[in-house]
Amino acid sequence: MKIRTTVEGDLDTIHTLIAEQSLNTVTRERWDEYLVSGAYRHDWTWVAEDDGKIIALAIWWGMEQFDHPFSIDGLYAVPGVDRVAVWTSLIRHTLSTVPAEAEQPEYHIFLPNGWRDRPDVVAELEPRLEAAAAAGLSNLTERLRYEWTPADGLPPRSTRLRFEPADDDAFLDVFRRVIEGSLDASTKRAVARVGVEGSAKEDLEVYQSMPGERSWWRLAYNADDELIGFALPSANNGGPVVGYLGVLAEHRGNGYSDDLLAEITHILVETGADRIRADTDLTNKPMAAAFERLGYRNHAVRMVASH
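This is a predicted model, so every value here is computed, not measured.

Thresholds, definitions, all that
Residues numbered from 1 in each chain as written. Predicted model: local features only at pLDDT ≥ 70, side-chain atom pairs only at ≥ 80, totals over all residues. Heavy atoms only, no water. Buried < 20%, exposed > 50% of the residue type's maximum accessible area, 1.4 Å probe, protein only. Helix = DSSP H or I, 4+ residues; strand = E, 2+ residues; numbered from the N terminus. Pairing = 2+ DSSP bridges. Axes fitted to C-alpha atoms, helices over the stretch in contact; angles between N-to-C directions. Parallel < 35°, antiparallel > 145°, perpendicular 65-115°, else oblique. Left-handed = near helix turned anticlockwise from the far one by under 90°. Contact = heavy atoms within 4.5 Å. Nonpolar A, V, L, I, M, F, W, Y, C, P; charged D, E, K, R; others polar. Phe/Tyr/Trp six-rings, centres within 6.5 Å; stacked < 30°, edge-to-face > 60°.

Trainee: Hey, could you run me through the pairing of strand β10 (residues 239-247) in this one?
Mentor: Here is the key point about a regular strand: its side chains alternate between the two faces of the sheet. In terms of residue burial, β10 counts as a mostly covered element, since 8 of its 9 residues are buried. Sheet analysis places strand β9 (residues 227-236) next to β10, joined by 8 bridges and oriented antiparallel. Bridging from a neighbouring strand, Asn236 pairs with Gly239 of β10.

Here it is as structure tokens:
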């Protein structure tokens, strides 16, 4: 079996394979669009060949500004092959090309709510997770996916906090400070890998690189001019998102997440958003409760396999 990146001559085969949707997020339209933008690249798309014929495909997604991918968007195989074996090889091969000091790629699998009661979904999920684990992506985090539209009602804006723009140094400092006691699994992994300072710098760099406007970012202060936390409205390739919000450890337990989320929602609506998406870990009960109080609807699940 030979593993290689794709070339233009593979497009017909790629188009045929991605027509089988299963748990993959790639569509023909998405593939063509992202290949032009740089979110998909032939250098990030790997195939397994047997006797010169493509038998499996792995498509990785990344941000246009970076030189390595961030996550798997699709795994495919022709009928009759050992899916776990070929997918393990494809994932392992891609991971070996990413520098150890870089943010490590993950596998994001999008699932319907109640997926555990869907045998068809479980049957497609299990070989993917088995291959990911065998390749080194053995840590699983289940994240709840939320969505807000104007029909859900615009939440009232905070009357106890004021929101101010700030420079990158101020946001780097608040990224550092909200890491303390964070319930976010990816934050914990980043701290274990590069420490608090490294994690904060990575977060700042990632959010700076997103399509959302940097001018939307806000620090939040109470009536005594104490810094409470921060709110990062943003956008990704799919549209407006709740990028990040955080409350400093000493101010947690006062419901400030609602204030921050309301401000993010208002800023995004003011800039034209008619749909806002967000994720939070299944275990982050306070954040999930804040989304639901402010009218965000849990519509699906994101399963993340990581180092």
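Now that the structure is up, let's keep going.
Trainee: Please explain the packing of helix α3 (residues 83-95) against helix α4 (residues 119-134) as it appears in this structure.
Mentor: For any two helices packed against each other, the geometry comes down to the angle between their axes and how far apart the axes lie. Their axes nearest at 8 Å, the elements α3 and α4 cross at an angle of 45 degrees. Regarding the angle of α3 to α4, the classification is oblique. With respect to the hand of their crossing, α3 and α4 are arranged in right-handed fashion. Contact residues: α3 offers Arg83, Val84, Trp87, Thr88, Ile91 and Arg92, while α4 offers Ala123, Glu124, Pro127, Arg128, Glu130, Ala131, Ala132 and Ala134. Class assignment for the residues of the contact of α3 with α4 results in 8 nonpolar, 1 polar and 5 charged.

Trainee: Just to check I follow, could you spell out the packing of aromatic side chains for this structure?
Mentor: Any aromatic ring pair is given by two values, namely how distant the centres are and how the planes are angled relative to each other. Applying the stated criterion to the full structure yields 13 aromatic pairs. With a centroid separation of 4.8 Å and an interplanar angle of 20 degrees, the aromatic rings of Tyr146 and Phe291 are classed as stacked. In this pair, Tyr146 is assigned in strand β6 (residues 139-148) and Phe291 in helix α8 (residues 285-293), connecting sequence segments 145 residues apart. Each member of the pair, Tyr146 as well as Phe291, is classed as buried. Their ring planes at 85 degrees and their centres at 5.2 Å tell us that Phe175 and Tyr244 sit as a pair that is edge-to-face. Of the two residues, Phe175 sits in helix α5 (residues 168-179) while Tyr244 sits in strand β10, which places them 69 residues apart along the sequence.

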